[in-house]
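Now for the letters of each chain:
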Amino acid sequence: MVTIGMDYEVREGKAEAFERKFALVLEAMRTLPTHAHTELFKSVGAPGRYLIVSEWHSREGFDAFVASEAFHRVTDWGASAILASRPRHEVYGERAASAPAGRCPVAHAAR
């Protein structure tokens, strides 16, 4: 299992369009056998800031998704009409895999 964090900054007045498109992308992702679960989080203190947390059964499954034509169509649309800056993606699952079950890997490493 691998977890990907995807940070997005949406242009003013485009949040509703971003959320609608995300709902469509999520429906498509649910049909992928390599996809486990995805949630969209909206910042309370910074309007237009979003975090998508996506769990995949493998890193290869996620990589195949972001290399797909469908993903590129959505990201091209977002870059030209919706996003204020380039999205940032971070892989969490590969680091977290070494932590004992039920413990935060960062908190565990600090001990």
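The sections below set out a description of the structure shown in this document. (Residues numbered from 1 in each chain as written. Predicted model: local features only at pLDDT ≥ 70, side-chain atom pairs only at ≥ 80, totals over all residues. Heavy atoms only, no water.)

### Comments concerning the layout of surface pockets
Reasoning step 1: Computed from the structure, the largest pocket encloses a volume of approximately 410 Å³.
Reasoning step 2: Together, 22 residues line the largest pocket, and Tyr8, Phe71, Val74, Thr75 and His89 are the ones closest to its centre.
Reasoning step 3: Counting residues per element, the lining of the largest pocket draws most heavily on helix α3 (residues 69-81), at 6 residues.
Reasoning step 4: Split by residue class, the lining of the largest pocket holds 16 nonpolar, 4 polar and 2 charged. (1 Å grid on protein atoms, 1.4 Å probe; cavity = no way out; pocket = protein on both sides within 12 Å on 5 of 7 lines; lining within 4 Å. Points joined across faces, edges and corners; volume = space filled by probe spheres on them. Helix = DSSP H or I, 4+ residues; strand = E, 2+ residues; numbered from the N terminus. Nonpolar A, V, L, I, M, F, W, Y, C, P; charged D, E, K, R; others polar.)

### A word on the packing of helix α2 (residues 59-67) against α3
Reasoning step 1: Contact geometry for α2 and α3: axes closest at 5 Å, N-to-C directions at 60°. One way to sum up the angle between α2 and α3 is to call them oblique. Every residue of α3 that contacts α2 at Phe65, Val66 and Ala67 is listed here: Glu69, Phe71 and His72. (Axes fitted to C-alpha atoms, helices over the stretch in contact; angles between N-to-C directions. Parallel < 35°, antiparallel > 145°, perpendicular 65-115°, else oblique. Contact = heavy atoms within 4.5 Å.)

### Remarks on the packing of aromatic side chains
Reasoning step 1: Taken as a whole and assessed by the stated rule, the structure comprises 5 aromatic pairs.
Reasoning step 2: Ring centres of Phe18 and Tyr50 lie 4.8 Å apart, and the angle between their planes is 45°; on these two criteria the pair is classed as tilted. Placement of the pair is Phe18 in helix α1 (residues 15-29) and Tyr50 in strand β3 (residues 49-56), with a sequence separation of 32 residues.
Reasoning step 3: Between the aromatic rings of Trp56 and Phe62, the centroid separation amounts to 5.8 Å while the plane-to-plane angle is 65°, which identifies the pairing as edge-to-face. Grouping residues by exposure puts Trp56 and Phe62 together as buried.
Reasoning step 4: Taken together, the aromatic side chains of Trp56, Phe62, Phe65 and Phe71 make up a single cluster linked through ring pairs. (Phe/Tyr/Trp six-rings, centres within 6.5 Å; stacked < 30°, edge-to-face > 60°. Buried < 20%, exposed > 50% of the residue type's maximum accessible area, 1.4 Å probe, protein only.)

### Remarks on the sheet that holds strand β1 (residues 2-9)
Reasoning step 1: Here 4 strands make up an open sheet; going across it, the order is β2-β3-β1-β4 and the pairing antiparallel. Each end of this open sheet is capped by a strand with a single partner; those strands are β2 (35-42) and β4 (88-91). With direction set aside, neighbouring strand axes in the sheet form an average angle of 15°.
Reasoning step 2: The strands touched by α1 are β1, β2 and β3; relative to β2, the strand with the most contacts, the crossing angle is about 170°. (Pairing = 2+ DSSP bridges.)

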